[in-house]
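In case you want the letters, here they are:
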Amino acid sequence: MEIKSSNRTLFPCFFLLIIATNMAMRGEGLKFNKKTGEFKIVQVADMHYADGRSTGCLDVFPNQEATCSDLNTTDFLYRVFRAENPDLVVFTGDNIFGFDATDPAKSMNMAFAPAMALKLPWAAILGNHDQESSLSREGVMRHIVTMPHTLSRLNPDGSEIDGYGNYNIEISGPEGSPFINKSVLNLYFLDSGDYSTVPSITGYGWIKPSQQVWFQKTSSQLQKMYKSAPHAQKESAPGLVYFHIPLPEYSSFDSSNFTGVRQEGISSASINSGFFATMVEAGDVKAVFTGHDHLNDFCGKLTGIELCYAGGFGYHAYGKAGWSRRTRVVSALLEKTTDGQWGGVKSVKTWKRLDDQYLSTIDSQVLWSKGPTGRRKKSPSPTPP
Ligand SMILES: *[C@@H]1O[C@H](CO)[C@@H](O)[C@H](O)[C@H]1NC(C)=O
Ligand SMILES: *[C@@H]1O[C@H](CO)[C@@H](O)[C@H](O)[C@H]1NC(C)=O
Ligand SMILES: *[C@@H]1O[C@H](CO)[C@@H](O)[C@H](O)[C@H]1NC(C)=O
């Protein structure tokens, strides 16, 4: 093909456009809903899936044991997916309970089946039990990334990083809106590890410096793009962070300042690797979502970031008879600009769904909302002493 000189000068622009478009596609083109301006995420924590029908339930009433198995976990997935019709499902680890999984790949295929059958985009990260069968953590994550409809990725390209399953997903504005090529909601997924590998430190794993560097870099690039033309924004797009093991900062609350319940201790790592401070400094993170402690389901706000649990989902996971298995839903809503188009994110709300007869909705709350001037609302500052 002959290239005219006028076309040749367009070439560099073309490449830039391709690069920019590729960057905006991290999430395979997930978009806000054009009609409702909403993007909805269902978080499934701690399914503890094993062999399916032959795997029994923990912590149900004695008269429920005979009829209860992993298939009850599957039923709950179908019920909540049909009720909420989410735009994305996030499985936050201990998706399978390795110790009891005869074939971990099969267990994963069964555990994630409802999301795949309903063709829902889904993302998964690892907990501390996923690798306890015949697949390593790397093996588990490598299996996950090949499954239908998943947006999960192994790790960022070209950077040395600890763990498996550190990645981000960008959600763009609706079709036909000025924000179609911009990520207006940023999701970060990290591998919080399993157990300490440092002999002098006991207990659970933590988010390592290499992962925090990747997070910082990604957050800063996303913020830069959001604040650049076209449609340069003043504020950052809100960020939501998902991983398995709660941070030590989850211990900052009591019932006077959280929504939900705390019925067991906070099982974080025994040292603080500083990820909370890293997120505060990054400035875009509005909420963090973990699992791991099945009997805690609260959200509490510390230094502008909501720290949330989902509460346990799976029936082969420990729980509490009479206290329903549950899931956390997050809904982000766009604002309308003065010319009637969809703009950036206006608010992020959450609620939980219980696996009871009514699929009850509880603890609805606003996690974050944009102030009227585009700035985050200031909480009243205490009078100085
Ligand atoms: C598990 O599912 C069976 C079959 O649908 C049902 O009869 C039973 O009540 C469920 N058990 C629990 C604990 O939800
Ligand atoms: C979005 O990108 C596409 C493809 O690069 C372009 O054709 C379109 O004009 C862009 N839309 C907006 C609103 O920026
Ligand atoms: C929650 O309230 C308790 C006192 O009841 C206080 O010690 C704690 O610092 C508060 N936490 C936050 C994050 O405000």
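In this convention, every chain numbers its residues from 1, walking through the sequence in written order. Going through the entries in the order they are written, you letter the chains from A and number the ligands from 1. Whole-chain, interface and lining totals are the exception, using all residues; otherwise, since this is a predicted model, local features are given only for residues with pLDDT of at least 70 and side-chain atom pairs are given and counted only at 80 or more.

As annotated in an unreviewed UniProt entry, the protein chain carries the name Calcineurin-like phosphoesterase domain-containing protein and comes from Rhynchospora breviuscula.

Enquirer: Please explain the overall build of the protein chain as it appears in this structure.
Expert: Counting secondary structure elements, the protein chain contains eight helices and 13 strands. With C-beta atoms placed from the backbone, a residue counts as buried when 20 or more other C-beta atoms lie within 10 Å of its own, as exposed when 12 or fewer do, and as partly exposed for counts between those limits. Within the span of the protein chain, comprising 385 residues, buried residues form 46% of the whole. Residue pairs at least 24 apart in sequence account for 69% of intrachain contacts in the protein chain once pairs closer than 6 positions are excluded. Under the scheme used here, helices are H or I runs from DSSP no shorter than 4 residues and strands are E runs no shorter than 2 residues, and both carry numbers assigned from the N terminus. What counts as a contact is two residues whose backbone-derived C-beta atoms lie within 7 Å of each other.

Enquirer: Could you clarify how one ought to interpret the site of ligand 1 in this entry?
Expert: Near ligand 1, the surroundings consist of Val60, Gln64, Thr67, Cys68 and Asn72. Each residue is assigned to one class: nonpolar for Ala, Val, Leu, Ile, Met, Phe, Trp, Tyr, Cys and Pro, charged for Asp, Glu, Lys and Arg, and polar for all the others, Gly among them. The residue inventory of the shell around ligand 1, partitioned by class, reads two nonpolar, three polar and no charged. Any residue qualifies as near a molecule or strand once its backbone-derived C-beta atom lies within 6 Å of it.

Enquirer: Explain the sheet that holds strand E13 (residues 361-369) to me, please; I cannot follow it from the model alone.
Expert: One key point about sheets: their strands pair by backbone hydrogen bonds, in either a parallel or an antiparallel sense. With mixed pairing, six strands are arranged side by side in an open sheet as E3-E2-E1-E11-E12-E13. Either end of the sheet is taken by a strand with one partner, and the two such strands are strand E3 (122-125) and E13. Strand-to-strand twist in this sheet, taken as the mean axis angle between neighbours without regard to direction, amounts to 20°. Strands pair, by our definition, only if DSSP identifies at least two bridges between them. For strand E2 (residues 88-92) and E3, the ladder comprises four bridges, and the chain directions are parallel. Residue pairing in the sheet places Val90 in a bridge with Ala123 of E3. Helix-sheet contacts for helix H3 (residues 70-84) involve strand E1 (38-44), strand E11 (326-336) and strand E12 (342-354), and the interaxial angle to E1 is about 170°. Angles shown run from 0 to 180 degrees and are taken between the N-to-C directions of axes, each axis being a line fitted to C-alpha atoms and, for helices, limited to the stretch in contact.

Enquirer: What am I meant to see in the site of ligand 3 here?
Expert: Every residue close to ligand 3 is listed here: Ser252, Phe253, Asp254, Ser256, Asn257 and Leu302. Each residue belonging to the shell around ligand 3 can be placed in one class, and the counts come to two nonpolar, three polar and one charged.

Enquirer: It is not clear to me how H3 should be interpreted in this structure. Could you clarify?
Expert: One turn of an α-helix holds 3.6 residues; hence residues three or four places apart share an orientation. In a helix, the anticipated span is given by 1.5 Å times the number of residues less one. The first and last C-alpha atoms of H3 sit 21 Å apart over 15 residues, in line with the 21 Å expected at 1.5 Å per residue. On its buried side, H3 packs onto E1, helix H5 (113-117), E11 and E12. Immediately beyond the C-terminal end of H3, within one or two residues, lies Asn85, with a positive phi of roughly 45°.

Enquirer: What's the story with the pairing of strand E9 (residues 299-302) in this structure? I'm lost.
Expert: In regular strands, side chains alternate between the two faces of the sheet. Here two bridges tie strand E7 (residues 258-259) to E9, and the two strands are oriented antiparallel to one another. By the bridge assignment for E9, Phe258 is matched with Gly300. Counting the residues in the hairpin turn of E9 and strand E10 (residues 305-309) gives two residues, including Thr303, whose phi is positive at 50°.

Enquirer: Quick question: what am I supposed to make of the environment of Ser192 here?
Expert: Relative to the elements of secondary structure, Ser192 occurs in the loop between strand E5 (183-189) and helix H7 (209-226). Of the residues examined, Ser192 has 31 C-beta atoms within 10 Å and is grouped as buried. For the pair Ser192 and Asn166, spaced 26 residues apart in the sequence, the C-alpha separation amounts to 9.3 Å. Setting aside its immediate chain neighbours within four residues, Ser192 contacts Gly205, Trp206, Ile207, Phe243, His244 and Ile245.

Enquirer: Got a minute to help me understand unusual backbone geometry in this structure?
Expert: Backbone phi values are negative for most residues with the exception of glycine, while trans is the configuration of most peptide bonds. Note that the residue after Ala229, namely Pro230, is joined by a cis bond; omega there is -5°. Assignment of secondary structure puts Pro230 in the loop between H7 and strand E6 (239-242). For Asp59, which is not a glycine, the phi torsion comes out positive at approximately 50°. Looking at the secondary structure, you find Asp59 in the loop between E1 and H3.

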